[in-house]
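Descriptive analysis of the structure
Here is how the chains run, residue by residue.
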Amino acid sequence: DDLADRLFWVHMVQHILLVGVAAPLLALARPWARMWRGFPLAFRRDVAHALAGPGAAPLRRGAAFAGGALVSWLLFNVNFCAWHLPALYDAALRWEFVHALEHLTFFATGLLFWTRVIPAAPWRSSLGELGKLAYLGATLVVGWVLAIVLALATSPLYSPYVEVANRPGHISALTDQQLAAGVMWVPGGLAYLIAIAVIAYRWLEPRESQSPEGSRRGPMPRGVG
């Protein structure tokens, strides 16, 4: 974290770890039921009754709305791009509270995003296999576009990094920004590419193994059936 205050590319590594490593791994772990059972039984009953009651109807509608594929995609990608606007990024670097808020929203929207792709009960997703591929592919493109903007900028975009007096490695602020773009472009896209490969394989695999019993038995003898 100390290095992230002085090197943009290290700060970018933090962001990638939050949205592309921690969030999908937590979705894969599916710890929600185990975490819920850790609370006292009376507390769980009270919360369950409150959430099922009419007073929580707006909360349930809001959760259903945020869990929609398009809304969750927009929340994740708009949030990620917005925090890379110079005004917001500079604020996150100058004030610790804003920095914590940035990372919290990265992780929260990242978890929402990945639970649309990874089955993680009680979270539900309306996306089919093709929908998940489009969902992930469109996010990959957004990240690449943002990386290209950072890489092709002719001057540093974030003033706090320009003001660093002794930058580790003695690189310029512009070189630091280009390295950050590289981190976003390649490591930043790995989680999405892995998910795309796994989902595409699962989508195609049933087509390749249709009628497995028939293929094992071989052709039926003539005159039988």
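Each value, and the rule that gives it
- Residues numbered from 1 in each chain as written.
- Predicted model: local features only at pLDDT ≥ 70, side-chain atom pairs only at ≥ 80, totals over all residues.
- Heavy atoms only, no water.
- Helix = DSSP H or I, 4+ residues; strand = E, 2+ residues; numbered from the N terminus.
- Buried < 20%, exposed > 50% of the residue type's maximum accessible area, 1.4 Å probe, protein only.
- Contact = heavy atoms within 4.5 Å.
- Areas by Shrake-Rupley, 256 points an atom, 1.4 Å probe, with all protein chains shown as cover.
- pLDDT = per-residue confidence, 0-100.
- Expected span 1.5 Å × (residues − 1).
- 1 Å grid on protein atoms, 1.4 Å probe; cavity = no way out; pocket = protein on both sides within 12 Å on 5 of 7 lines; lining within 4 Å.
- Points joined across faces, edges and corners; volume = space filled by probe spheres on them.
- Nonpolar A, V, L, I, M, F, W, Y, C, P; charged D, E, K, R; others polar.

1. With respect to the overall build of the protein
Across its full length, the protein carries twelve helices and zero strands. For the protein, the N- to C-terminal ordering of α and β elements is α-α-α-α-α-α-α-α-α-α-α-α. Put simply, the protein has 225 residues, and 37% of those count as buried. Considering only contacts in the protein between residues 6 or more positions apart, those separated by 24 or more positions represent 71%. Of the roughly 13,500 Å² of accessible surface on the protein, 69% is carried by carbon and sulfur atoms.

2. Focus: the confidence of the model for the protein
Predicted coordinates in regions of low pLDDT should not be interpreted in detail. Scored by pLDDT, the protein comes out at a mean of 85, with 89% of its residues at no less than 70. With pLDDT under 50 throughout, residues 210–225 is counted as low confidence; its partners more than four residues away or in other chains account for zero contacts.

3. Notes on helix α8 (residues 129–152)
Helix length check: α8 (24 residues) gives 35 Å between terminal C-alpha atoms against 34 Å at 1.5 Å per residue, within 8%. Residues of α8 that are buried include every one of K132, L133, Y135, L136, T139, L140, V142, G143, L146, A147 and L150, and no others.

4. Comments concerning the layout of surface pockets
Considering only enclosed or pocket space, the second largest pocket measures out at about 360 Å³ in volume. Considering the residues around the second largest pocket, the lining is formed by 18 residues, among which L28, V117, I118, A195 and V198 are closest to the centre. Elements represented by at least two residues in the lining of the second largest pocket include exactly α1 (8–29), α8 and α11 (187–208). With six residues, the top contributor of residues to the lining of the second largest pocket is α11. A class-by-class count of the residues in the lining of the second largest pocket yields 13 nonpolar, one polar and four charged.

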